[in-house]
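Architecture at a glance
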Amino acid sequence: MLLLNRRSVLASLAAGSAAASIGRPLAAAPQEFDVFTASPMGAFVDSVVVLGDETGLVIDAQLTQADAVGLADQVEASGRRLETVFITHIHPDHLMGIAVLSQRFPDANFVAHSAVAEILGQMGEGMFDELKGNLGFAPGDTWTLPSPIEGALTLEDARFEVLDPIRGDTGVITPVILPEFDAVVASDVVYNGTDVWLAETLTEEDFAGWRASLDLLEACPEAVIIPGHRAEGTSDDRSGIAHTREKLGQWEEALAVSTDRASLAKAVQSIMGTDPSSFFAQNAISAAYPE
């Protein structure tokens, strides 16, 4: 399974690197909004923290134990009670940290769109148990299954729309609209400045679906586009959409000119400018030409 390939890749990431926190307050009290960006070992994943007067909301929970602790510390330092943790999709780099957040905030509600929750109900616990030892979690750490929701997240007087599933680097991703902050939490529909997970994008339908999702987000009136993964120094704007489109086009061209693993690796390097031995590229090549 492609998901298992991604699990194996992410399991090779070592825990313990300090997390980077990028704060961007975009609105006056009573609401505050920040983005927590993971360390390199945590694949530069973005989690979003929204704070009300007394309570808080987190969107996506990080990969490594160390980054999840950094995210939890940021919420705790705010003095708010964490009310809800929302998971946008089934990839482990966005949800392994549930174990840390559930321990630190035992009264928080863990939720996901019903389509995401259904899949996680089938494989989430097994995935966590498979990966946790390589990502800094203790043997006794346990994972909490998110409950299904539809339509919207709420925080005090604010309401945030959860989009129905769209395609990105996997088939079921649920971005969130934060109208109070003129923002879209794009999750892994959008990357900015980083390698892109392409191992699940191999067919014409895959490419068309992802591009349609980019069109959808580009048409949103919100000015702030928060990517699922970011390079240091990138902006929360439509440059992430452009970056993702470029990588998709390069990958599509590389697939079109290749006939085997070796020729695809060469095309990845010459067309995409990407080291074919990097973990994202290596797994994409292996997905296209399984050994």
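Residues numbered from 1 in each chain as written. Predicted model: local features only at pLDDT ≥ 70, side-chain atom pairs only at ≥ 80, totals over all residues. Heavy atoms only, no water.

**Describing the environment of Thr-84**
Turning to its location among the elements, Thr-84 is positioned in strand β5 (residues 81-87). Taking C-alpha positions, Thr-84 is 8.3 Å from Leu-155, a pair spaced 71 residues apart along the chain. If near-sequence neighbours (up to four positions away) are discounted, Thr-84 is found in contact with Gly-56, Leu-57, Val-58, Asn-109, Val-111 and Leu-153. (Helix = DSSP H or I, 4+ residues; strand = E, 2+ residues; numbered from the N terminus. Contact = heavy atoms within 4.5 Å.)

**Notes on the pairing of strand β12 (residues 224-230)**
By the criterion of burial, β12 is predominantly enclosed, with seven of the seven residues buried. The pairing of strand β11 (residues 183-192) with β12 spans six bridges and is classified as parallel. In the strand pairing of β12, Val-184 is matched with Ile-225. Handedness of the crossover joining β11 and β12 through helix α5 (residues 204-219): right-handed. (Buried < 20%, exposed > 50% of the residue type's maximum accessible area, 1.4 Å probe, protein only. Pairing = 2+ DSSP bridges. Right-handed = clockwise from strand over helix to strand, strands pointing away.)

**Here we look at the nonpolar core**
With 34 residues, the main nonpolar core has Val-58 and Leu-101 as its most contacted residues. Elements represented by at least two residues in this core include exactly β3 (46-51), α2 (65-77), β5, α3 (98-104), β6 (109-113) and α4 (114-131). Looking at this core, the element that brings in the most residues is α4, giving seven residues. The residues touching Leu-101, leaving out its near neighbours within four places in the chain, are Val-58, Ala-61, Ala-68, Leu-71, Ala-72, Val-85 and Phe-110. Among the nonpolar cores identified, the runner-up in size contains 33 residues, and Ile-166, Tyr-191, Trp-210 and Val-268 belong to it. (Core = buried A, V, L, I, M, F, W, Y, C linked by side-chain atoms within 4.5 Å.)

**Focus: the pattern of salt bridges**
In the structure shown here, the tally under the stated rule is twelve salt bridges. With its nearest N and O atoms 3.4 Å apart, the salt bridge here joins Arg-167 to Asp-206. Here Asp-206 lies in helix α5 and Arg-167 lies in the loop between β9 (158-162) and β10 (176-178), a separation of 39 residues in the sequence. For Arg-245, the salt bridge goes to Glu-218, with nearest N and O atoms at 2.8 Å. Here Glu-218 lies in helix α5 and Arg-245 lies in helix α6 (residues 239-257), a separation of 27 residues in the sequence. (Salt bridge = Lys/Arg side-chain N within 4 Å of Asp/Glu carboxyl O.)

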